[in-house]
Each structure stands twice: as structure tokens, then as C-alpha cells.
Amino acid sequence: MIEISRVALTDQVTSRLRTMLVEGDIAPGAKLNERVLCEQLNVSRTPLREAIKLLALEGLVDLLPNRGAVATKLTETDVTHAFELLAGLEAMSGELAAQRITPLQLSELRAKHHEMLAAFERRDLSTYYRLNAAIHSGINEAAANPLLRDTYVRINARVQSMRFRTNQDEAKWARAVQEHSEMMQALAERDGAALGRILAGHLRNKRDAVLALMRAGELHAPAARVASKTPRARQA
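Residues numbered from 1 in each chain as written. Predicted model: local features only at pLDDT ≥ 70, side-chain atom pairs only at ≥ 80, totals over all residues. Heavy atoms only, no water.

1. A closer look at the overall build of the protein
A tally of regular secondary structure across the protein gives 11 helices and 2 strands. Walking the protein from its N terminus toward its C terminus, one meets helices and strands in the order α-α-α-β-β-α-α-α-α-α-α-α-α. In summary, the protein has a C-alpha radius of gyration of 18 Å against a globular reference of 18 Å for 236 residues, a match within 12%. Each of the three principal axes of the protein carries a C-alpha extent, and together these read 50 × 45 × 40 Å. Taken over 236 residues, the protein has a buried fraction of 45%. Contacts in the protein between residues at least 24 apart in sequence constitute 74% of all its contacts with a sequence separation of at least 6. When the accessible surface of the protein is summed, it comes to about 12400 Å², and 53% of that surface belongs to carbon and sulfur atoms. Separation between the mean location of the 33 positive side-chain charges and that of the 28 negative ones in the protein comes to 3 Å. (Helix = DSSP H or I, 4+ residues; strand = E, 2+ residues; numbered from the N terminus. Rg over C-alpha atoms; globule rule 2.2 N^0.38 Å. Buried < 20%, exposed > 50% of the residue type's maximum accessible area, 1.4 Å probe, protein only. Contact = heavy atoms within 4.5 Å. Areas by Shrake-Rupley, 256 points an atom, 1.4 Å probe, with all protein chains shown as cover. Lys, Arg positive; Asp, Glu negative; His and termini not counted. Charge placed at Lys NZ, Arg CZ, Asp CG, Glu CD.)

Here's what the structure looks like:
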């Protein structure tokens, strides 16, 4: 029971710390201060250190000699390479998923899509992104290719925080929502070629948005509240 409890605690700490990294509460390049994080998360150093090791494997944290753990910070070249690879991985996922997805998996993805649309209408970015990521992951999982799955999870982890930040622009966010609706239609129609094209284009748009934010020096600026920019009638 003690071992199970410890594993569960580590999982909880990992999930909470991952969210902090993805949503920008810990800026890229910033050192992970164990004392401060232990106080924030109300845990001891042991589960925190285990969580940091797991997130290092995911690519969200870099373990540097004499500096400890820092939040991963990618260059423009890193971003370009990562999104190029992700575009190919997601396109392949879509093509295979259209052939192999089960009725239950399709039903679950549809449900997540509708929840995601509701989060968009509320301008609830955190919930929206969680569901958005779950849909992309679900399409990849439906491809039923373990090697593709492992590669996708590892590469996608490196750019999660950047994918999150692109939705803080209202126009880009709305376009991403439309692209997701097109994805779901292609998946329901079992049109692998169309789904692959949509996913690849979706990732290229994300790449361009990330690079534009990086060049403007806005990628790691304090998170904006998109809802505050939305006309009151849209929020009703």
C-alpha cells in the first residue's frame, strides 16, 4: 500500500508540474527551484525529484550539470525541426486512424470534440487545451502503431507549451477550432488522405504561429486572457 501510494503521489506531482510548464507558470529556461515547488505543491522533495526526472524524459525539463533542472527552452531551429517531424507523425496517425479506429474510440473523440467546442465558447483556454491535446493523442492512439505512438509522445512533449501559447490569439484560435471540426468530419468519413492533409496543415500553422511569437518576443510573455478580448455578446 505504501508503494502504491508513493506511485500515485508521484503521478499527481508530475501532472501538476507538467501543467505548470505547459501553461507557462514556469518560463522556458527558468530553474526549477525545489524548495519553492515543494511549498507550492505541498509535497516533499522525493516525489518532486521523481516527477522532474519523468518530465526530463518527456523533454519538458533539461537536467544540466551544476545547474540542476531547468525548463526546456527551444531555439527557432529546434521548433522548426520538431514541428516538421510532428506534421509527418500526425499525418501518418490520421491516415492509419481512419482505417483502424474503433466505433468506441470514434465516439469518445466526438465527445471530447464537443466538450472542446464548449470550452472555446467559454474562452476556457486551460480546459480547451487539455481536450485539444487529448484529441490529437486519441487520433495517434487509434492508429494502433506502438512505434508511431512512442515517437509521437516523445516529440510532442517538447512543444506542448508552445502549442498552448498559440491559442492566445483569437483569430488563430478560431482557425484551429475550424480545423478540428474538419478533422472530425474526415475521421467520421474514414477519409485517411483528407485527415492526413488536414493534420499536416494544422501542424504547419502551429509552427508558423510559434515562430512568429518567438520573433516578436511574445512567446514567453505573461499569458493573456483571450476571453477579455472577446465581445460580450460572444460570451453570453
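2. Here we look at the side chain of Arg-123
Relative to the elements of secondary structure, Arg-123 occurs in the loop between α5 (103–122) and α6 (125–142). At 2.8 Å, the side chain of Arg-123 and the side chain of Glu-170 are in polar contact. (Polar contact = N/O pair within 3.5 Å; in protein donor to acceptor, adjacent residues only side chain to side chain.)

3. Concerning the packing of α5 against α6
At a minimum axis separation of 8 Å, α5 and α6 run at an interaxial angle of 160°. Taken together, the axis directions place α5 and α6 in an arrangement best described as roughly antiparallel. Between α5 and α6 lies a crossing whose hand is left-handed. Two secondary-structure elements touch here, α5 through Gln-105, Leu-109, Lys-112, His-113, Glu-115, Met-116, Ala-119, Phe-120 and Arg-122 and α6 through Thr-127, Tyr-128, Leu-131, Asn-132, Ala-134, Ile-135, Gly-138, Ile-139, Glu-141 and Ala-142. (Axes fitted to C-alpha atoms, helices over the stretch in contact; angles between N-to-C directions. Parallel < 35°, antiparallel > 145°, perpendicular 65-115°, else oblique. Left-handed = near helix turned anticlockwise from the far one by under 90°.)

4. A closer look at helix α7 (residues 146–158)
The terminal C-alpha atoms of α7, which comprises 13 residues, lie 19 Å apart, in line with the 18 Å expected from a rise of 1.5 Å per residue. Here α7 has its buried residues at Leu-148, Tyr-152, Ile-155, Asn-156 and Ala-157. Each element contacted by the buried residues of α7 is listed here: α3 (45–58), α4 (76–100), α6 and α8 (160–166). One side-chain oxygen of the residue at the start of α7 lies 3.1 Å from the amide nitrogen of Leu-147, identifying that residue as Asn-145. (Expected span 1.5 Å × (residues − 1).)

5. Describing the packing of aromatic side chains
The tally for this structure, following the rule as stated, stands at 3 aromatic pairs. Centroid distance Phe-120 to Trp-173: 5.1 Å. Interplanar angle 80°. Geometry classified as edge-to-face. With a gap of 53 residues between them, Phe-120 in helix α5 and Trp-173 in helix α9 (residues 170–188) connect regions that are remote in the sequence. The class for Phe-120 is buried, based on a relative accessible area of 6%. Members of the aromatic cluster, joined through ring pairs, are Phe-120, Tyr-128 and Trp-173. (Phe/Tyr/Trp six-rings, centres within 6.5 Å; stacked < 30°, edge-to-face > 60°.)

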